[in-house]
Amino acid sequence: LSAEGCFDGQEIPLHIRYAEHEGCIYIDLGDDAWSQVEVSKVGWKVIGCQESRVKFHRAQGMKAMSAPVKGGSINLLQQFLNIESQSEWALITAWLLGAMRTSGPFPILVLQGEQGTAKSTTARLLKDLIDPSVTQSQSLPRSERDLAITASKSHVLNFDNLSGMRPWLSDAFCRIATGGGFRTRTLYTDDGEQLFNSIRPMLMNGITDISTRHDFADRSLIVQLPVIPKEQRRPESEINMYWELTKGQILGALCDALSASLANYEHITLDYLPRMADFAKWVTA
């Protein structure tokens with residue numbers, strides 16, 4: 001029976017949170033009914049798992065997303081973010097649209113600022129919008145193996161309060177962002193190998209400049225957050241209450257944008273191709 005299952009059965013690829021199939025994007029909402037969002041060139045709709053052409057795997061710790069609501073606006077997100085310029089707003093929305101795919105490359109969103117700039121809160125809200133998890137953020141991994149395992153269990157990786165980055169870790173992040181395999185000896189074996197080959201969107205924040213290496217900086221979207229004046233600070237409980245009421249509309253607007261990207265992608269011609277050209281063409285569409 002084991003041999004028949006391995007060699008005679010149909011092989012079906014499994015996805016985590018996002019999948020692309022025959023010109024459509026599928027999103028696992030993570031609810032008990034296994035509902036999905038099907039995004040095509042002509043729009044999007046919520047479907048049951050029986051109607052879907054893709055299969056999802058749920059790793060431990062994944063949470064349900066808010067069901068997307070039609071008629072929303074991406075500008076609703078801006079009221080929750082501590083940003084000053086429209087260029088930084090464009091970078092954040094571009095990263096979100098790029099992260100809602102399975103095929104990279106994925107730029108690394110780096111949030112920088114002094115203490116009291118809401119870096120951790122901003123990162124938490126962005127991850128909660130497109131890939132909520134029981135653990136919305138994490139510390140730096142201790143080894144490449146730990147990073148590879150983390151990347152195989154979650155779609156969006158969020159690293160909080162970084163104070164520096166060693167060269168080997170910077171190189172590992174670059175491979176996760178643009179694609180690159182990692183192999184290691186299987187534990188408790190002499191010659192067994194375990195292979196990891198994940199490409200994932202990432203965001204990270206810190207007070208100091210963590211994008212000091214050129215190859216890492218080339219793959220990064222860097223957003224500088226200003227200090228929030230005392231008179232403008234808001235309780236986190238108030239932010240969370242309005243967030244729960246609004247994020248379904250924001251997600252619906254992102255699905256509208258994904259549909260537009262699918263429809264326009266083949267017609268986009270850029271004057272020049274920057275680093276991560278596929279990402280630039282996608283968000284332009």
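Quick note: structure is the one above.
Let me begin by describing the structure that accompanies this report. Here the structure is a predicted model, which is why all the values come from computation and not from measurement.

**Quick notes on the nonpolar core**
Judged by nonpolar contacts, the single largest core of 45 residues is most densely connected at Ile27, Val39, Trp95 and Ile130. Every element with two or more residues in this core is listed here: β3 (24-28), β4 (36-40), α3 (86-99), β7 (108-112), α4 (119-130), β12 (220-224), α8 (236-264) and α9 (277-284). The element best represented in this core is α8, accounting for eight residues. Each residue touching Trp95, except ones within four places of it in the same chain, is listed here: Pro107, Leu109, Leu126, Ile130, Val156, Pro201, Met202, Leu203, Leu221 and Phe279. Among the nonpolar cores identified, the runner-up in size contains 18 residues, and Leu157, Phe173, Met202 and Phe216 belong to it.

**Here's the deal with the packing of α3 against α9**
Here α3 crosses α9 at 105°, and the two axes come no closer than 9 Å. Relative to α9, α3 is oriented roughly perpendicular. Taking contact as the criterion, the partners of Ala94, Trp95, Leu97 and Gly98 in α3 are, on α9, Phe279, Trp282 and Val283. Across the contact of α3 with α9, the residue classes tally to six nonpolar, one polar and no charged.

**Some points on the pairing of strand β2 (residues 18-21)**
Pairing of β2 with β3, which is carried by four bridges, proceeds in the antiparallel orientation. If you follow Ala19 over to β3, its bridge partner there is Tyr26. Counting the residues in the hairpin turn of β2 and β3 gives two residues, including Glu22, whose phi is positive at 50°.

**Description of the pattern of salt bridges**
Throughout the structure, instances matching the rule amount to 13 salt bridges. Note that Asp28 is salt-bridged to Arg58, the shortest N-O span being 2.9 Å. Taken together, the residues Asp28 in strand β3 and Arg58 in the loop between β6 (55-56) and α2 (75-78) connect sequence positions 30 residues apart. When its relative accessible area of 23% is taken as the criterion, Arg58 is described as partly exposed. Connected through shared salt-bridge partners, Arg17, Lys127 and Asp131 make up one network.

**Some thoughts on the packing of aromatic side chains**
A complete count under the given rule lists four aromatic pairs for this structure. Taking the centre distance of 5.1 Å and the plane angle of 80° together, the rings of Phe80 and Trp243 count as edge-to-face. Taken as a pair, Phe80 in the loop between α2 and α3 and Trp243 in helix α8 lie far apart in primary sequence, 163 residues in all. For the ring pair Tyr265 and Trp282, a centre distance of 6.1 Å and an interplane angle of 55° mean the geometry is tilted. Of this pair, Tyr265 sits in the loop between α8 and α9 while Trp282 sits in helix α9; the two residues are 17 residues apart in sequence, bridging distant segments of the chain.

The rules behind each value
Residues numbered from 1 in each chain as written. Predicted model: local features only at pLDDT ≥ 70, side-chain atom pairs only at ≥ 80, totals over all residues. Heavy atoms only, no water. Core = buried A, V, L, I, M, F, W, Y, C linked by side-chain atoms within 4.5 Å. Buried < 20%, exposed > 50% of the residue type's maximum accessible area, 1.4 Å probe, protein only. Helix = DSSP H or I, 4+ residues; strand = E, 2+ residues; numbered from the N terminus. Contact = heavy atoms within 4.5 Å. Axes fitted to C-alpha atoms, helices over the stretch in contact; angles between N-to-C directions. Parallel < 35°, antiparallel > 145°, perpendicular 65-115°, else oblique. Nonpolar A, V, L, I, M, F, W, Y, C, P; charged D, E, K, R; others polar. Pairing = 2+ DSSP bridges. Salt bridge = Lys/Arg side-chain N within 4 Å of Asp/Glu carboxyl O. Phe/Tyr/Trp six-rings, centres within 6.5 Å; stacked < 30°, edge-to-face > 60°.

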